Amino acid sequence: MQRDPLGTFLRARELFGDVVKFRTAIWHSYLLCHPDDIKSVLLDNNQNFRKGMIYEYLKPVLGLGLLTNEGESWLSQRRLVQPAFERQHLGGLAETMTLAAERLLNRWHDRTERGPVDVAAEMARLTMDIVGQALLGSDLDATASQVREAVRICQEHVDWRITHLFSLPERYPTPRNRRFHRAMRTLDSAVFSIIERRREASIGSANAAGHSDHDLLTLLLEARDDETGDGMTDGQLRDEVMTIFLAGHETTANALAWAWNLLSLHPGIEERLHAEVDSVLGGRVPCVEDISQLNYTRMIIDETLRLYPPVWAIARFPVSTDEAGGYRIPAYSQVILSPYVTHRHPDFWEKPGSFDPERFLPNRVAQRPKYAYFPFGGGPRMCVGSEFVLMEAVLALATIAREYRLRPVPGQEIEPEALITLRPRGGLPMYIEPRGE
């Protein structure tokens, strides 16, 4: 399982069905693959299921943000954070997204060498730029390069901890842990200083200083709980900023990288993408009003998230005995839901391994169980930033496809690597080809 978790889970479902029991370390785990059981865990009976132990490895970085928190504390935080991601606020961030994509294109225009580029790394830089500007605005500019490096180190550290479960925890001063702590000090210093400056400024003076009304940090600072009237403490703000910044940029980056890889292998689908982009945009930069017209572009993103969901597995444990598919699930065992596996379930997806964006035509979507597709989780803990991610991915894909094709390196096979997120193993080298050539 450690060598090939994706293949192991796929084979387990094929051999043993929709409920598979297996042992990992000292506890029993249950892989649940049927949409009905997934719906039960995430929605119908969600109060009986808590976050799995794997999330403990995220807490040294994310603290008690929405991704790692539980119970009443999580519910209170969700009420505070949710309004910042409502549609009326997200629309104002579209320009932030396209301007970041334009900066990426300008870097590509200025390239002197014509060798392959690591598109996975390029997409990570793009989405970090987008999330940083959308969340922290111009405050991030002075420390952007240090923050990018610190984020990279923290991601590598968490990947290491998850894949080396018996490594020494962070309190031991190993070289790896010391490097991690230095990176966390850089991130905390940057985030807390921005929060402090914002608290000191009135809303009017912040706007006068150039802060966007649509800046997510401004919305989080202003948020008040309807029941208590309380806002967030600096510690709570720090944890939510870290969660949005780290989790938000990496998931979208991986989705975009996989989309470019799939498009390069399916020229007919790529041609349809270019035809739609040319027709809707007419050579200009996309705006928020164009999203409703970029239907095929959105279907490409949806189909990419089906085949390569960035969050490829979700871990939960029942606090009391439960049931799935007619089988007893004991309390405090581990339950694993894998979008990667269920998105390839042949009972719900015809030719599940093929790339077919038209699976997401409205009439075909209506014929499938809702939880046959759950790239953002589901139920009350569904990803609060799902609309942000989808808008960002559609606008970025359209902006780049307007000018470029991305071509694979001949003879190179791209494999998925299942760490915290599902990314191309070793990066994604591709040739960048202007569409006019």
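Above this text is the structure in question.
Heads up: these notes are all about the structure in this document. (Residues numbered from 1 in each chain as written. Predicted model: local features only at pLDDT ≥ 70, side-chain atom pairs only at ≥ 80, totals over all residues. Heavy atoms only, no water.)

**Section: the sheet that holds strand β1 (residues 19-24)**
Overall, mixed pairing links the five strands, which are arranged β1-β2-β8-β5-β3 in an open sheet. At either margin of the open sheet sits one strand with a lone partner, and together these are β1 and β3 (49-51). Adjacent strand axes in the sheet meet at a mean angle of 35° when their direction is disregarded. Pairing analysis gives three bridges linking β3 to strand β5 (residues 314-318), with the strands arranged antiparallel. Following the sheet pairing, Lys51 is matched in β5 by Arg316. The strands touched by helix α1 (residues 5-16) within the sheet are β1, β2 (27-32) and β8 (334-337), with β1 carrying the most contacts at an inclination of about 130°. Lying over the sheet, helix α2 (residues 35-44) contacts β1, β2, β3, β5 and β8, oriented at roughly 120° with respect to β8. (Pairing = 2+ DSSP bridges. Helix = DSSP H or I, 4+ residues; strand = E, 2+ residues; numbered from the N terminus. Axes fitted to C-alpha atoms, helices over the stretch in contact; angles between N-to-C directions. Contact = heavy atoms within 4.5 Å.)

**Digging into the packing of aromatic side chains**
All chains considered together, the criterion is met by nine aromatic pairs. On the basis of an interplanar angle of 65° and a centroid distance of 6.3 Å, the ring pair of Trp349 and Tyr373 is categorised as edge-to-face. Here Tyr373 lies in the loop between α16 (362-366) and α17 (386-401) and Trp349 lies in the loop between α15 (339-342) and α16, a separation of 24 residues in the sequence. Through pairs of rings, three or more aromatic residues link up here, namely Phe9, Phe22 and Trp312. The ring of Tyr340 has Arg344 sitting right over it, with the charged end atom 3.9 Å from the ring centre. The ring of Phe360 carries the charged tip of Arg368 above its face, separated from the ring centre by 5.2 Å. (Phe/Tyr/Trp six-rings, centres within 6.5 Å; stacked < 30°, edge-to-face > 60°. Lys NZ or Arg CZ within 6 Å of the ring centre and 35° of its normal.)

**What to know about the packing of helix α6 (residues 94-109) against helix α7 (residues 119-136)**
It is at 9 Å that the axes of α6 and α7 come closest, and there the two elements cross at 145°. Viewed along their axes, α6 and α7 form a crossing whose handedness is right-handed. Residue-level contacts link Thr96, Met97, Ala100, Ala101, Arg103, Leu104, Arg107 and Trp108 of α6 to Glu122, Met123, Arg125, Leu126, Asp129, Ile130, Gln133 and Ala134 of α7. Its residues assigned to classes, the contact of α6 with α7 comprises nine nonpolar, two polar and five charged. (Left-handed = near helix turned anticlockwise from the far one by under 90°. Nonpolar A, V, L, I, M, F, W, Y, C, P; charged D, E, K, R; others polar.)

**Considering the nonpolar core**
Within the largest apolar cluster, 133 residues are counted, with the highest numbers of intra-cluster contacts made by Met123, Leu126, Trp260, Phe388 and Ile400. Element by element, the count of residues in this core is highest for helix α12 (residues 234-265), at 15 residues. Excluding anything up to four places from it in sequence, Ile400 contacts Leu104, Leu105, Trp108, Met123, Leu126, Trp260 and Leu406. (Core = buried A, V, L, I, M, F, W, Y, C linked by side-chain atoms within 4.5 Å. Buried < 20%, exposed > 50% of the residue type's maximum accessible area, 1.4 Å probe, protein only.)

**What to know about α1**
Here α1 spans 16 Å end to end across twelve residues, near enough to the 16 Å set by a 1.5 Å rise per residue. Among all positions of α1, only Pro5, Leu6, Gly7, Phe9, Ala12 and Arg13 are buried. The inward-facing, buried residues of α1 contact β1, β2, β8, α15, β10 (416-418) and β11 (422-424). Note on α1: the residue one or two positions beyond its end, Gly17, has a positive phi of about 100°. (Expected span 1.5 Å × (residues − 1).)

**Topic: the pattern of salt bridges**
Going through the model one piece at a time under the given rule, you end up with 28 salt bridges. The salt bridge partner of Arg11 is Asp4, with a shortest N-O separation of 3.8 Å. According to the relative accessible area criterion, Arg11 is partly exposed, its value standing at 44%. We note a salt bridge from Glu149 to Arg152, for which the minimum N-O separation is 2.4 Å. You can see Glu149 and its partner Arg152 sitting in helix α8 (residues 144-163), three residues apart, about one turn around the helix. When its relative accessible area of 32% is taken as the criterion, Arg152 is described as partly exposed. Three or more residues joined by partner-sharing salt bridges are found here, namely Glu149, Arg152, Glu156 and Arg179. (Salt bridge = Lys/Arg side-chain N within 4 Å of Asp/Glu carboxyl O.)

**Remarks on the environment of Ile432**
Of note, Ile432 is situated in strand β12 (residues 429-434). Judged by relative accessible area, Ile432 falls into the buried class, the value being 9%. If sequence neighbours within four positions are ignored, Ile432 has contacts with Trp108, Arg111, Val117, Tyr404 and Arg405.

**Concerning the side chain of His274**
By the secondary structure assignment, His274 is in helix α13 (residues 267-281). With sequence-adjacent residues up to four places away left out, His274 is seen in contact with Ala401, Tyr404, Arg405 and Arg435.

The values are spatial; any link to function lies outside them.
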